Amino acid sequence: MRILLVSTAFSGLTQRFFTELNDAGHDVSVELHLGDEARLLEGVELFHPELILCPFLTRRIPATIYQRYTCLIVHPGIKGDRGPSSLDWAIQEGVPEWGVTLLAADAEMDAGPIWASRTFPMRAATKSSLFNREVTQAAVECLWEAMSYIQAPSFRPEPLDYGNPSVTGRLRPAMKQSDRAIDWQQHGSAEIVSRIRAADGSPGVLDQVCGQPFYLFNAHADDQFIGKPGSIVAIAEQAICRATIDGAVWIGHLKPKQADGKGIKLPAAMALGDLLQAPRQGMARWFATGVKRLTIDHLKPGRQYPLQEIWYELEGDVAFLHFTCHNGGMSTDQCRLLLKVYRYLAGLSVKAIVLMGGEDFWSNGIHLNHIEAAQNPADESWLNINAIDDLVRQIIQTPDKLTIVAVAGNAGAGGAILALAADLVWVRDGVVFNPHYRNMGGLYGSEYWTYLLPRRVGAEAAERLSTACIPLSARKAWQLGMVDQVLDSSHALFVAQVKHLVRHRLENDALLREELGAKAGRRCRDEAEKPLAAYRQAELAQMFENFYGSGDYHEARKAFVFKQAAKDTPLAIASHRQAEAQAQMVWQQPPRSVSPDRSRNAGALQNS
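The model shown is predicted, which means the values in this text are computed figures rather than measured ones.

1. Section: the pattern of salt bridges
Following the criterion strictly, the structure yields 34 salt bridges and no others. Its salt-bridge partner being K401, residue D400 comes within 3.2 Å of it at the nearest N-O pair. By relative accessible area, which is 4% here, K401 ends up buried. Sharing partners across several salt bridges, the network here consists of E31, R39, E42, D568 and R577.

Written out as structure tokens, the structure reads:
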């Protein structure tokens, strides 16, 4: 079937639909709805779909489209729920159950006939986490139910009828900052956390911190600290802890409110900068209490504070290493800390190290927000890529431990390649990989991808994956040999399966010694054929040109960090526009070459 995905952005849910439908053999293309209805209609006419699906849409579909084509829209709410802030209200009001509805486009937003619906128990989590997990899975289930009706002549979608007892939703207005506002003198920790979670990752809750307006993100309750409600009482790992009327709340990230909208979301203490050291004025300085600056011992097992992003657990002969970096971005400091903890675990008498990553995002590679906020983004890019390269090299060169990657959340760019550094890669069904970099202004990429990706999928497939710039499902990655095993789609069952499988592999000491011996032999042969340092130097020579010789990466990074809308649908996902683009192309500028001087500098600067 010819299926067109119409979406505001090529979001995680849109990518999931794209991979699911492609895996099933459908002819799928994407047209971004960027506000130009004439351009949208042109795209529809070019593809002439049998079905239009809208996984993530913030604009209306014109009647000229939904009156001519079957057009189904994903709404993240229960039957009858309507409005643009569906999930926000559900989280902030603490409803026990929520859902997803797949409905036909209609003149009234979210009021069309219902094709499918699913409900799920609400988890104590942020809006983005719930959307990435429960909402996405429910939407996929609705998708396949609806697909079964497409060829059924007797099927009739269910009209929206508020007289039907099963229709319990209602029309809700767009949630405003006044609805989200925190009253530190009245709201307890649970209420504050629910308000911040309902706005995370967009738009955040606007509040005053150190006398300046900031949007708050990434909140967790804590009962270890007390103080004047609203005041900062502790700092740990760049997170700030603010007292409430019944305890305290850790806030991991802040984004300054700026007139030009150019605020950057950063770890809270980093975003505040000198404001944390600003002396109090007048009588306030006589009554001020000091802010506790807490040091986390990352070499100690367990999570010591709610906002601790890197920690490990020991279970018998197995070390489980967690790194729940916010939105999957890994800064220079985070990569260095992760390397420190990994090296410590490699020195213990464990038999296996399992890299768990984060549940919502396994890793998305270098941290573009940190880089954009740096005094010299090119230099910070260079430091960040070398820091993650150091981590990848250490994992590759772990001779006496079985290394396993357990990918529960989506992985992109350098994070997708980082996952390939281990001996075994186990993936949760439903994960989406983006094992490429070039969407970021033609970024070449590093993390030893020119070694790791071809050794798993072959040179031809590696070239295709790195240049096609399209997402890959967990099942497709397994078929290509990129991953070793696809486990259950449930996060809880996935973790249980990982722990069972690793224990089972360690039961036979003789087999484990044989596997480790074979690994050491392969590494020696590979190193003799081409040293790891040679792969790294060649990759970094290209990255040096990206960082210092061209502005394309820096422009693309800015667009990503400041959430600038795309100017058009990327050709890689818009098959219906590829012929049009080729016809208009007169000539293509060849890729820039790296000058000998810059290549030598790259080799000298690399931290290998």
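2. Here's the deal with the pairing of strand β7 (residues 205-209)
For a regular strand, the rule is simple: side chains alternate between the two faces of the sheet. Residues of β7 alternate between two faces, with V205, D207 and V209 buried on one and L206 and Q208 left unburied on the opposite face. The pairing of β7 with strand β8 (residues 212-222) spans 5 bridges and is classified as antiparallel. When the bridges of β8 are listed, D207 appears paired with F214. Counted along the chain from β7 to the antiparallel partner β8, the turn is 2 residues long, and its residue C210 has a positive phi close to 55°.

3. What about the packing of helix α12 (residues 377-396) against helix α20 (residues 552-561)?
Packing of α12 against α20 brings their axes to within 11 Å, and their N-to-C directions diverge by 90°. Comparing the axis directions of α12 and α20 gives the class roughly perpendicular. On the side of α12, the interface is formed by P377, A378 and S381, while α20 contributes Y553, H554 and R557. In terms of residue class, the contact of α12 with α20 is made up of 3 nonpolar, 2 polar and 1 charged.

4. Brief notes about the sheet that holds strand β16 (residues 352-357)
Spatially, the 6 strands line up as an open sheet ordered β14-β15-β16-β18-β20-β23, and their pairing is mixed. Looking at which strands have only one partner, the edges of the open sheet turn out to be β14 (310-315) and β23 (485-487). Between one strand and the next, the sheet's axes are offset by a mean angle of 20°, whatever the strand orientation. Inspection of the sheet shows β14 paired to strand β15 (residues 318-323) by 6 bridges, in the antiparallel sense. Residue pairing across strands places Y312 opposite L321, the latter belonging to β15. Helix α10 (residues 332-346) rests against β14, β15, β16 and β18 (402-407) of the sheet, and its axis sits at about 15° to β14.

5. So, helix α2 (residues 37-47)
When we look at burial in α2, the residues that qualify are L40, G43, V44 and F47. For α2, the arc enclosing every buried residue in end-on projection is 100°, short of the 170-degree limit, so these residues lie on one face. With a side-chain oxygen lying 3.2 Å from the backbone nitrogen of A38, the N-terminal cap of α2 falls on D36. Phi for H48, located one or two positions after α2, is positive at around 50°.

6. Focus on the nonpolar core
What tends to happen in soluble globular proteins is that the nonpolar side chains get buried as a cluster. Formed by 94 residues in total, the largest nonpolar core has its most connected members in L254, F433 and M482. With 38 residues, the next largest nonpolar core counts I3, V30, L32 and A90 among its residues.

7. Regarding the packing of aromatic side chains
A ring pair, where both rings are aromatic, is described by two values, the distance of the centres and the angle of the planes. In this structure the tally under the stated criterion is 13 aromatic pairs. Centroid distance F225 to W250: 6.0 Å. Interplanar angle 85°. Geometry classified as edge-to-face. Residue F225 is found in the loop between β8 and β9 (232-236), and its partner W250 is found in strand β11 (residues 247-256); the two are separated by 25 residues along the sequence. The residues F225 and W250 share a single accessibility class, namely buried. Here W382 and F547 contribute two aromatic rings whose centre-to-centre distance is 6.4 Å and whose plane-to-plane angle is 90°, an arrangement assigned as edge-to-face. Residue W382 is located in helix α12, and its partner F547 is located in helix α19 (residues 532-549); the two are separated by 165 residues in the primary sequence. You can call W382 buried: its relative accessible area is 5%. Residue classification places F547 among the buried residues on the basis of a relative accessible area of 2%.

8. Observations concerning the sheet that holds strand β2 (residues 27-32)
Taken together, the 6 strands give an open sheet; going across it, the order is β2-β1-β3-β4-β5-β6, and neighbouring strands pair in mixed fashion. Either end of the sheet is taken by a strand with one partner, and the two such strands are β2 and β6 (114-121). Averaged over all pairs of adjacent strands, the angle between strand axes in this sheet comes to 20°, irrespective of strand direction. Alignment of strand β5 (residues 97-104) against β6, held across 7 bridges, turns out to be antiparallel. When the bridges of β6 are listed, W98 appears paired with F120. Strands β1 (2-7), β2, β3 (51-54) and β4 (71-75) of the sheet are contacted by helix α1 (residues 12-23), whose axis makes an angle of about 175° with β1. Sheet strands touched by α2: β1, β2 and β3. Its angle to β2, the strand with the most contacts, is close to 170°.

9. Brief notes about the environment of N434
Mapping N434 onto the fold places it in strand β21 (residues 432-434). N434 gets classed as buried once you look at its relative accessible area, which sits at 16%. With residues near it in sequence (within four places) discarded, N434 still touches Q15, A411, G412, A413, A416, I470 and P471. Within the structure, N434 has its side chain in polar contact with the side chain of Q15 (distance 2.8 Å).

Conventions we followed
- Just so you know, the residues in each chain are numbered from 1, in the order the chain's sequence is written.
- In keeping with the model being predicted, local features are shown solely for residues with a pLDDT of at least 70 and side-chain atom pairs are shown and tallied solely at 80 or more, while totals for entire chains, interfaces and linings include all residues.
- Hydrogens are left out, water is left out, and the side-chain values use all remaining heavy atoms of the structure.
- For this document, the term salt bridge refers to a Lys or Arg side-chain nitrogen within 4 Å of an Asp or Glu carboxyl oxygen.
- Burial classes: relative accessible area under 20% of the type maximum marks a residue as buried, over 50% as exposed, and values in between as partly exposed (1.4 Å probe, protein chains only).
- Numbered from the N terminus, helices here are DSSP runs of H or I no shorter than four residues, and strands are runs of E no shorter than two.
- Strands are labelled as partners when DSSP assigns at least two bridges between them.
- The axes are straight lines fitted to the C-alpha atoms, using for helices just the contacting stretch, and the angles between their N-to-C directions are given from 0 to 180°.
- Should an angle lie under 35 degrees it is considered roughly parallel, over 145 roughly antiparallel, and from 65 to 115 roughly perpendicular; all remaining angles are considered oblique.
- Contact criterion: two residues are considered in contact whenever any of their non-hydrogen atoms come within 4.5 Å of each other.
- Residues are grouped as follows: Ala, Val, Leu, Ile, Met, Phe, Trp, Tyr, Cys and Pro are nonpolar; Asp, Glu, Lys and Arg are charged; all remaining types, including Gly, are polar.
- To obtain the arc, one takes the directions from the helix axis to the C-beta atoms.
- Counting of polar contacts relies on pairs of N or O atoms within 3.5 Å, with two restrictions inside protein: one atom must be capable of donating a hydrogen and the other of accepting it, and residues adjacent in sequence are counted only when both atoms are side-chain atoms.
- Residues grouped as a nonpolar core are buried Ala, Val, Leu, Ile, Met, Phe, Trp, Tyr and Cys residues, joined through side-chain atoms within 4.5 Å.
- Stacked, edge-to-face and tilted labels apply to pairs of Phe, Tyr and Trp rings (six-membered ring for Trp) whose centres lie within 6.5 Å, assigned for plane angles under 30 degrees, over 60, and everything in between, in that order.

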